[in-house]
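Analysis of the macromolecular model
Here are the chains, one letter per residue:
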Amino acid sequence: MSSSLDSAPEHIKLAIDLIMLLEKEELESQVILDALEVVKNDFKKKLVQISSV
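Since the structure is predicted, the reported quantities are computational estimates derived from the model, not experimental observations.

**What to know about unusual backbone geometry**
Both trends apply: most residues other than glycine have a negative phi, and most peptide bonds are in trans. The phi angle at Glu 26 is positive, at roughly 55°, despite the residue not being glycine. Counting through the fold element by element, Glu 26 comes out in the loop between helix 2 (10-25) and helix 3 (29-51). Given the relative accessible area of 72%, Glu 26 is considered exposed.

**Here's the deal with the pattern of salt bridges**
For the coordinates displayed, the defined rule picks out 2 salt bridges. Notably, a salt bridge pairs Lys 13 with Glu 10, separated by 3.4 Å at the nearest N-O pair. Remark: Glu 10 and Lys 13 occur in helix 2; sequence separation between them is 3 residues, near one turn of the helix. Residue Lys 13 is classed as buried on the basis of its relative accessible area, which comes to 18%. The exposed category is assigned to Glu 10, whose relative accessible area is 60%. Between Lys 46 and Asp 42 there is a salt bridge; the shortest N-O distance is 3.2 Å.

**Describing the confidence of the model for the chain**
Low-pLDDT stretches of the model should not have their predicted coordinates read in fine detail. Of the residues in the chain, 96% reach a pLDDT of 70 or more, and the chain-wide mean stands at 92. For the chain, per-element mean pLDDT is lowest for helix 1 (residues 3-6), which scores 82, and highest for helix 2, which scores 96.

**Here's the deal with the environment of Leu 22**
Structurally, Leu 22 is set in helix 2. Judged by its relative accessible area of 24%, Leu 22 is partly exposed. In contact with Leu 22, not counting residues within four places along its chain, are Ile 32 and Leu 36.

Rules used in this analysis
Residues numbered from 1 in each chain as written. Predicted model: local features only at pLDDT ≥ 70, side-chain atom pairs only at ≥ 80, totals over all residues. Heavy atoms only, no water. Helix = DSSP H or I, 4+ residues; strand = E, 2+ residues; numbered from the N terminus. Buried < 20%, exposed > 50% of the residue type's maximum accessible area, 1.4 Å probe, protein only. Salt bridge = Lys/Arg side-chain N within 4 Å of Asp/Glu carboxyl O. pLDDT = per-residue confidence, 0-100. Contact = heavy atoms within 4.5 Å.

Now the structure itself:
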């Protein structure tokens, strides 16, 4: 990563890493979006479970 990204927030760094990883796979955009929706829902469930403890 460039030095300008070194000071970026962690979520931005992670987003850029994920974009680069997904672009390498050369999958259809809709497949990627569908997969990301599954991942997002999974992490939301985990967040709710942590909040309810």
